[in-house]
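Structural overview
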Amino acid sequence: MNREEFHTDLGAIKIHKNVIASIASLAALEIEGIKGIGRDFKSGIMELLGRKDLSAIKVEFDKNQDVLIDIPLVIKYGYNIPDVASKVQDNVRNALEKMTSLSLKDINISVEGIEKN
Amino acid sequence: MRIFNVLGIIFYASVLILIGLILIIFSLNIIPPEAISGLFIYVQGNFYPRIVVGLSGLLLILVSYSFAQLILGRFQREKTIAFTTPSGEVTIALSAIEDLIKHFVVIIPEIKELKPDVIATKKGSIVVNLRVTLKSEANLPELTSRLQEITKSKIQEVLGIDEQIIIRIHISKIISREERERKRKDSDREEPSIPFGGFGRV
């Protein structure tokens, strides 16, 4: 399933996975010490073509409709990785709960690289 | 698994040597072309030799496929260090730790070049192998112990982990001052000119 669906009295509200990935990306980039979002093969090619692609951020829904997010990150040199990762998890959780009211299960971070400014 | 790798390498080396020998024999005209065509005609014309050749081909494809899977799987498997926080899991690619080492060693001026290789063992410790090229004025015992100390403390500081960190240093080369000067001059001399750089200038 590509989207989370809510039902109100007036109809259905659907939130696409890309929206969740986009919010997670923006929330992660707000944290000091984050150089950027990691890339996978598809997003690397899209970036070469000059298009923004968030396919590296994986969004899944489990049986209970809880959201699981995997965020690959590149961290700036000189920052404490567990601290930065923990801040990213908190900020992503806050941003997604505030904007979508989704129930979040896990926000998994994978640090793929370290770069200097 | 290691034995399987060795067997695979021996197998491929044998096949390639065999192909090379066949090509050499063919080029030296040791075997007449009639004998080769006779062999092909014999295989083509009989049922059992055809079965044997077909099964050999199938076996070769299967061995190649499984060997390729093994090698590619190894390259694709990203090795990481992981820890869990209340919000989820954090994994750190070992290549990220290698990046980190490359960045902080620039503070040691005696190091000309450094290639790190980080391994996470099953016991939970981290082994860092450093291949370094040094400048000749370096005091090796002092420098290597300083490098070990800096690497260990920096990894502990940045990763915030308590696991045992083993730093192994291999000095692969020591470059003299003259050699460095010569390399620098060579690189200055080999600076490429811009194609059509002067074109259109008055």
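In this report, the structure presented in the accompanying data block is examined.

Cut-off values and rules
Residues numbered from 1 in each chain as written. Chains lettered and ligands numbered in written order. Predicted model: local features only at pLDDT ≥ 70, side-chain atom pairs only at ≥ 80, totals over all residues. Helix = DSSP H or I, 4+ residues; strand = E, 2+ residues; numbered from the N terminus. Buried ≥ 20, exposed ≤ 12 C-beta atoms within 10 Å, placed from the backbone. Contact = placed C-beta atoms within 7 Å. Nonpolar A, V, L, I, M, F, W, Y, C, P; charged D, E, K, R; others polar. Pairing = 2+ DSSP bridges. Axes fitted to C-alpha atoms, helices over the stretch in contact; angles between N-to-C directions. Core = buried A, V, L, I, M, F, W, Y, C linked by C-beta atoms within 7 Å. Expected span 1.5 Å × (residues − 1). Arc of directions from axis to C-beta. Parallel < 35°, antiparallel > 145°, perpendicular 65-115°, else oblique. Left-handed = near helix turned anticlockwise from the far one by under 90°.

**Considering the overall build of chain A**
What chain A contains, in helices and strands, is three helices and six strands. When its helices and strands are written in sequence order, chain A yields β-β-α-β-α-β-β-α-β. Burial analysis of chain A (117 residues in total) assigns 32% to the buried set. Across chain A, contacts joining residues at least 24 apart in sequence account for 63% of those joining residues at least 6 apart.

**Comments concerning the overall build of chain B**
Looking only at helices and strands, chain B has six helices and five strands in total. Walking chain B from its N terminus toward its C terminus, one meets helices and strands in the order α-α-α-β-β-α-β-β-α-β-α. In chain B, which comprises 202 residues, the share counted as buried stands at 13%. By sequence separation, contacts in chain B at least 24 residues apart represent 51% of the contacts at least 6 residues apart.

**With respect to the interface of chain A and chain B**
Each partner contributes to the interface: chain A provides 19 residues, whereas chain B provides 17 residues. Within the residue set of the side of chain A that touches chain B, elements represented by two or more residues are helix 3 (81-100) and strand 6 (104-115) of chain A. With nine residues, the top contributor of residues to the side of chain A that touches chain B is strand 6 of chain A. When the residues that make up the side of chain A that touches chain B are grouped by side-chain class, the tally is eight nonpolar, six polar and five charged. Across three bridges, strand 6 of chain A lies against strand 2 (residues 88-93) of chain B in parallel orientation. Of the residues in strand 2 of chain B, the one forming a bridge with A:Ile109 is B:Val90.

**Thoughts on the sheet that holds strand 4 (residues 126-135) of chain B**
In a beta sheet, neighbouring strands are held together by backbone hydrogen bonds and run either parallel or antiparallel to one another. Residue and element names in this part refer to chain B. Read across the open sheet, the three strands follow the order 3-4-5; overall the sheet is mixed. Strands at the two margins of the open sheet, each flanked by one partner only, are strand 3 (111-120) and strand 5 (165-175). On average, adjacent strands in this sheet sit at an angle of 15° to one another, irrespective of strand direction. Where strand 3 meets strand 4, nine bridges bridge the pair, whose relative direction is antiparallel. When the bridges of strand 4 are listed, Val 118 appears paired with Val 128. Where helix 5 (residues 140-159) meets the sheet, it contacts strand 4 and strand 5, and its direction lies at approximately 140° from that of strand 5.

**Re unusual backbone geometry**
Even without glycine at this site, A:Ser101 takes up a positive phi of about 60°. Relative to the assigned elements, A:Ser101 resides in the loop between helix 3 and strand 6. Of note in this structure, B:Asn29 is not a glycine but carries a positive phi near 60°. Mapped onto the elements of the fold, B:Asn29 is located in the loop between helix 1 (2-27) and helix 2 (33-45).

**Here we look at helix 4 (residues 94-104) of chain B**
Working note: α-helix, 3.6 residues per turn, so residues spaced by three or four point in the same direction. Taken residue by residue, helix 4 of chain B has B:Ala96, B:Ile97, B:Asp99, B:Leu100 and B:Ile101 as its buried positions. Looking at the packing, one finds that the buried side of helix 4 of chain B touches strand 6 of chain A together with strand 2, strand 3, strand 4 and helix 5 of chain B.

**Here we look at the nonpolar core**
Among the nonpolar cores identified, the biggest contains 48 residues, and A:Ala24, A:Ala28, A:Ile71 and A:Val88 are the most heavily contacted of them. The residues touching A:Ile71, leaving out its near neighbours within four places in the chain, are A:Ala24, A:Ala28, A:Ile57, A:Val88, A:Val92, A:Ile107 and A:Ile109.

**Topic: the pairing of strand 1 (residues 80-85) of chain B**
Residues and elements named next belong to chain B. Where strand 1 lies against strand 2, six bridges are found, and the strand directions are antiparallel. Residue Thr 84 lies in a different strand from strand 2, and its bridge partner there is Glu 89. Linking strand 1 back to strand 2 in an antiparallel pair, the connection comprises two residues.

**Let's talk about helix 1 (residues 17-29) of chain A**
Residue and element names in this part refer to chain A. Given a rise of 1.5 Å per residue, 13 residues ought to cover 18 Å, and the 18 Å separating the end C-alpha atoms of helix 1 matches this to within 8%. Three or more residues of helix 1 are buried, namely Lys 17, Ile 20, Ala 21, Ile 23, Ala 24, Ala 27 and Ala 28. Looking straight down helix 1, one finds its buried side chains confined to an arc of 165°; they lie on one side.

**A look at the packing of helix 1 of chain A against helix 3 of chain A**
To describe two helices that pack against each other, one gives the angle between their axes and the distance between the axes. Residue and element names in this part refer to chain A. Their axes nearest at 8 Å, the elements helix 1 and helix 3 cross at an angle of 135°. Of the possible angle classes, the one that applies to helix 1 and helix 3 is oblique. In terms of crossing hand, the pair formed by helix 1 and helix 3 is right-handed. Residues Ile 20, Ile 23, Ala 24, Ala 27 and Ala 28 of helix 1 pack against Val 88, Asn 91, Val 92, Ala 95, Leu 96, Met 99 and Thr 100 of helix 3. For the contact of helix 1 with helix 3, the residue count by class is 10 nonpolar, two polar and no charged.

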